[in-house]
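Remarks on the overall topology
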Amino acid sequence: MFNSISGTLTGKTAESIYIETNGIEWEVFVSALSADRFGTAGSTVRVYTWLYHREDQMRLFGFLTPAERSLFLDLTKVDGIGPKQALKILSGLDSAALEAALEAGDVARLQSIPGIGKKTAQKMVLALKGQLTGLHDTGRAETAKKSEFEDIITALINMGYDRKRAAETVESVAQSMRAKGIDPAAKEEELFRTAIVNLSST
């Protein structure tokens with residue numbers, strides 16, 4: 001599983017960037033807004049990733065921040081919105097503005113995004129208002145909390161689990177490990193596996 005890729009930006013198009021790392025050049029699909037913010041060729045960049053894998057294709061999607069990636073994954077949960085359209089939505093409105101529109105139920109603002117009609121905008125609000133898992137600086141105490149095991153929580157989110165449930169499960173497993181005299185920070189693989197088992201059984 002990829003969490004991020006760091007390397008040299010070798011080029012970009014309207015919908016993707018190219019990153020060279022250890023002799024391998026990666027094609028990473030990004031939103032148009034993010035592509036502009038990754039800098040120019042020759043820059044050293046870090047891109048947070050999500051791998052789309054189906055029998056007939058594999059695509060690596062990239063994001064400036066874990067928060068942008070979380071919002072992208074939230075969008076793909078909406079009926080009728082796949083990874084490609086989710087990326088187009090992020091190309092039409094930056095992450096913070098998009099989250100604000102969803103939280104406010106601002107259908108008109110969402111309709112201003114190219115390719116988004118009234119019905120799709122309404123579905124987005126219905127599915128995501130109050131349910132966003134991204135970490136934006138909106139003053140909400142719950143989402144502002146950072147965990148000691150943020151990388152594990154992010155990996156679970158990438159697998160499709162809700163952020164709140166993932167964070168609570170990871171912390172619960174960590175506490176249980178400490179009670180047995182096991183340092184969870186030194187046994188992150190065990191922590192990750194146990195968290196998956198617990199999430200799958202609830």
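Nothing here was measured: the structure is a model prediction, and the numbers come from that model.

Right, let's talk about the side chain of Glu68 for a bit. Mapped onto the fold, Glu68 is located in helix H2 (residues 66-76). Buried and unpaired, Glu68 has no salt bridge, with Arg37 as the nearest side chain of opposite charge at 6.3 Å. Leave out the neighbours within four places in its chain, and Glu68 touches Ser31, Ser34, Phe63, Leu90 and Ser95.

As a further point, take the nonpolar core. Grouped together as the largest cluster of nonpolar side chains are 43 residues, with contacts concentrated most on Phe72, Leu75, Leu98, Leu110 and Met124. Ranked by residues supplied to this core, first place goes to helix H9 (residues 163-179) with six residues. Leu9, Ile19, Val30 and Ala35 belong to the second largest nonpolar core, which has 11 residues in total.

Throughout the structure, instances matching the rule amount to seven aromatic pairs. Here the aromatic rings of Trp50 and Tyr52 are separated by 6.1 Å at their centres, their planes lie at 45°, and the arrangement is tilted. The class of Trp50 is buried, set by a relative accessible area of 15%. Between Phe61 and Phe72 the ring centres are 5.4 Å apart and the planes differ by 35°, which places this aromatic pair in the tilted class. Here the residue Phe61 occupies a position in strand E5 (residues 57-63), and Phe72 occupies one in helix H2, the gap between them amounting to 11 residues. For Phe61, a relative accessible area of 2% corresponds to the buried category. Three or more aromatic residues joined by ring pairs form one cluster here, namely Phe29, Trp50, Tyr52, Phe61, Phe63 and Phe72. Its end group placed over the ring of Phe29, Arg59 keeps NZ or CZ at 4.2 Å from the ring centre.

Another point: the pairing of strand E4 (residues 44-54). As paired strands, strand E1 (residues 4-12) and E4 are joined by five bridges and run antiparallel to one another. Directly across from Thr8, in E4, lies its bridge partner Thr44. The sheet contact formed by E4 and E5 spans seven bridges and is antiparallel. The partner of His53 across the bridge, within E5, is Met58. Adjacent in sequence and paired antiparallel, E4 and E5 are bridged by two residues.

All right, on to the environment of Glu15 then. The topology assignment puts Glu15 in the loop between E1 and strand E2 (16-21). Classification of Glu15 as partly exposed rests on a relative accessible area of 47%. Considering only alpha carbons, one finds Glu15 and Leu199, 184 residues apart in sequence, at a separation of 35 Å. If sequence neighbours within four positions are ignored, Glu15 has contacts with Val28, Phe29 and Val30.

Moving on: the layout of surface pockets. Considering only enclosed or pocket space, the second largest pocket measures out at about 180 Å³ in volume. Every residue lining the second largest pocket is listed: Ala14, Glu15, Phe29, Val30, Ser31, Ala32, Arg59, Phe61, Lys84, Leu87, Lys88 and Ser91. If you list the elements that add at least two residues to the lining of the second largest pocket, you get E5 and helix H3 (83-92). Considering only residue class, the lining of the second largest pocket consists of six nonpolar, two polar and four charged.

Moving on: the pattern of salt bridges. The tally for this structure, following the rule as stated, stands at two salt bridges. A salt bridge links Lys77 to Asp74, with the shortest nitrogen-to-oxygen separation between them at 3.5 Å. Notably, a salt bridge pairs Glu189 with Arg193, separated by 3.1 Å at the nearest N-O pair. With a gap of four residues between them, Glu189 and Arg193 both fall in helix H10 (residues 188-200), about one helical turn apart.

Okay, the confidence of the model for the protein chain next. Looking at the protein chain, the pLDDT average stands at 87 and 92% of residues meet or exceed 70. Taken together, the stretch residues 135-145 has pLDDT below 50 and engages in 18 contacts with residues farther than four places along the chain or on a different chain.

Reading the values: rules and limits
Residues numbered from 1 in each chain as written. Predicted model: local features only at pLDDT ≥ 70, side-chain atom pairs only at ≥ 80, totals over all residues. Heavy atoms only, no water. Helix = DSSP H or I, 4+ residues; strand = E, 2+ residues; numbered from the N terminus. Buried < 20%, exposed > 50% of the residue type's maximum accessible area, 1.4 Å probe, protein only. Lys, Arg positive; Asp, Glu negative; His and termini not counted. Salt bridge = Lys/Arg side-chain N within 4 Å of Asp/Glu carboxyl O. Contact = heavy atoms within 4.5 Å. Core = buried A, V, L, I, M, F, W, Y, C linked by side-chain atoms within 4.5 Å. Phe/Tyr/Trp six-rings, centres within 6.5 Å; stacked < 30°, edge-to-face > 60°. Lys NZ or Arg CZ within 6 Å of the ring centre and 35° of its normal. Pairing = 2+ DSSP bridges. 1 Å grid on protein atoms, 1.4 Å probe; cavity = no way out; pocket = protein on both sides within 12 Å on 5 of 7 lines; lining within 4 Å. Points joined across faces, edges and corners; volume = space filled by probe spheres on them. Nonpolar A, V, L, I, M, F, W, Y, C, P; charged D, E, K, R; others polar. pLDDT = per-residue confidence, 0-100.

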